[in-house]
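Report on the structure
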Amino acid sequence: MAKRPYLHALNTDNDLAGAGATISRTLIEQTYAELRDDIIEGRLEPGSKLPIEHLRVQYNVGAGTLREAITRLASDALVTTEGQRGFRVAPITLDELEDITRLRVHVEIDALRLSIRNGGAHWRAALRQSYDAISALEQPFETAHRRRWEILNVRFHEALLAGQESPWTRKVLGLLARHGERYRRYAMGLPGSVRDVHAEHTEIFEQAIAGREARAALALEAHIRATPDLLAQALRNGQLTLPTGATPDAAPAPMAG
């Protein structure tokens, strides 16, 4: 059998190594996304332990891939570390939600003001498009479409703030949005809720598109604060109990297929 030229062999080996690294990164990204969705949706309950051996079978990945994905979630503050004892899903508390809300109000309203001042025709067109898309799902809103609505809701808020040019603002708000979604799913399930989210989005959109900066900011702040206000009231009235987490040795709750 003829031997491969050394240079050709070296290049081929490098190509294979590069392909393997790409596949590995893709698998980590996929596992990270699946874990993140299961945490946000509550299939992995707040406070529950994340046993590597159990979850690598559940997600059909190697232990190294799973650890890398969980480590990324820890950097997103969706997972907590326990030294040598492993990982847990980050707990949820009303105090944390209020802290997230305060930060969102501060950062998002400033970004909205800049967006209204600097956004041009392209920004207005993209904002209108995102508003039309979410409006089609909100009239009326059906809980069966909640996941699709969450995607369109993120896009609407991103479009609203796209007129400002700070990449760090977008990164911070993206992280806060993911944490906010963990709480919003509880608020959406409250019995007898009379909140009209479509009316809130319409008010924000109309004030922003008309360039009325102060009114748009007030409408956005009220919109951001609505979820924690609803949850706080529900907790006081005994309508809702936030999960307190699993016992130290408990396995994760069964996950939907």
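Criteria and thresholds
- Residues numbered from 1 in each chain as written.
- Predicted model: local features only at pLDDT ≥ 70, side-chain atom pairs only at ≥ 80, totals over all residues.
- Heavy atoms only, no water.
- Helix = DSSP H or I, 4+ residues; strand = E, 2+ residues; numbered from the N terminus.
- Buried < 20%, exposed > 50% of the residue type's maximum accessible area, 1.4 Å probe, protein only.
- Contact = heavy atoms within 4.5 Å.
- Areas by Shrake-Rupley, 256 points an atom, 1.4 Å probe, with all protein chains shown as cover.
- Patch = residues over 30% accessible without salt bridge, like charges linked within 9 Å, V, L, I, M, F, W, Y side chains within 5 Å.
- Salt bridge = Lys/Arg side-chain N within 4 Å of Asp/Glu carboxyl O.
- Core = buried A, V, L, I, M, F, W, Y, C linked by side-chain atoms within 4.5 Å.
- Axes fitted to C-alpha atoms, helices over the stretch in contact; angles between N-to-C directions.
- Parallel < 35°, antiparallel > 145°, perpendicular 65-115°, else oblique.
- Left-handed = near helix turned anticlockwise from the far one by under 90°.
- Nonpolar A, V, L, I, M, F, W, Y, C, P; charged D, E, K, R; others polar.
- Phe/Tyr/Trp six-rings, centres within 6.5 Å; stacked < 30°, edge-to-face > 60°.
- Lys NZ or Arg CZ within 6 Å of the ring centre and 35° of its normal.

Bringing the overall build of the chain into the picture now. When helices and strands are counted, the chain shows 9 helices and 2 strands. Here the chain, with 257 residues, has 39% of them falling under the buried criterion. The contacts in the chain between residues at least 6 apart in sequence include a share of 78% that link residues at least 24 apart. Looking at the chain as shown, the accessible area adds up to about 14,400 Å², and 53% of this sits on carbon and sulfur atoms.

A cluster of nonpolar residues, Leu103, Trp168 and Val172, forms a patch on the protein surface that exposes about 310 Å² of accessible area. With respect to the helices, strands and loops of the structure, Trp168 is situated in helix α7 (residues 167-188).

So, on to unusual backbone geometry. The phi dihedral of Asn60 falls on the positive side, at around 60°, and the residue is not glycine. Following the sequence through the fold, Asn60 ends up in the loop between α2 (52-58) and α3 (63-75). With relative accessibility at 68%, the residue Asn60 sits in the exposed group. If you check the backbone angles, Ala77 has positive phi at about 65° while not being a glycine.

Before going further, it helps to examine the nonpolar core. Judged by nonpolar contacts, the single largest core of 34 residues is most densely connected at Leu112, Leu127, Leu160, Ala208, Leu220, Leu231 and Leu240. Where this core is concerned, the elements lending two or more residues are α4 (94-118), α5 (121-138), α6 (146-160), α7, α8 (197-209) and α9 (213-236). Element by element, the count of residues in this core is highest for α4, at 8 residues. Contact partners of Leu240, with chain neighbours within four places excluded, come to Tyr186, Leu190, Leu231, Ala234 and Leu235. Residues Ile39, Leu50, Val61 and Ile70 belong to the second largest nonpolar core, which totals 17 residues.

Looking at the secondary structure, you find Arg225 in helix α9. Linking Arg225 and Val105, residues 120 residues apart in sequence, is a C-alpha distance of 8.1 Å.

Quick look at the packing of α8 against α9 now. Across the interface, α8 lies against α9 with an axial gap of 8 Å and an inter-helix angle of 155°. Considering their axes alone, α8 and α9 lie roughly antiparallel with respect to each other. Where α8 crosses over α9, the two elements pack in a sense that is left-handed. Where α8 approaches α9, its residues Val197, Glu200, His201, Glu203, Ile204, Gln207 and Ala208 are matched on the opposing element by Arg215, Ala216, Ala219, Leu220, His223 and Ala226. Across the contact of α8 with α9, the residue classes tally to 7 nonpolar, 3 polar and 3 charged.

Moving on, we come to the environment of Glu165. Position of Glu165 relative to the elements: it lies in the loop between α6 and α7. When its relative accessible area of 72% is taken as the criterion, Glu165 is described as exposed. Sequence separation of Glu165 and Ser115 is 50 residues, and the distance between their C-alpha atoms is 8.3 Å.

All chains considered together, the criterion is met by 2 aromatic pairs. Plain terms: the ring middles of Tyr131 and Phe156 are 6.4 Å apart, the flat faces sit at 50° to each other, and that makes the pair tilted. Of the two residues, Tyr131 sits in helix α5 while Phe156 sits in helix α6, which places them 25 residues apart along the sequence. Residue Tyr131 shares its accessibility class with Phe156, and that shared class is buried. On the numbers, 4.2 Å between centres and 0° between planes, the contact of Tyr131 with Phe205 is stacked. In this pair, Tyr131 sits in helix α5 while Phe205 sits in helix α8, placing the two residues 74 residues apart along the sequence. Residue classification places Phe205 among the buried residues on the basis of a relative accessible area of 5%. One aromatic cluster in this structure is built from Tyr131, Phe156 and Phe205. When the ring centre of Tyr32 is taken as origin, the NZ or CZ atom of Arg72, which lies over that ring, is 4.0 Å away. The lysine or arginine in question, Lys171, covers the ring of Trp168, its NZ or CZ lying 4.6 Å from the ring centre.

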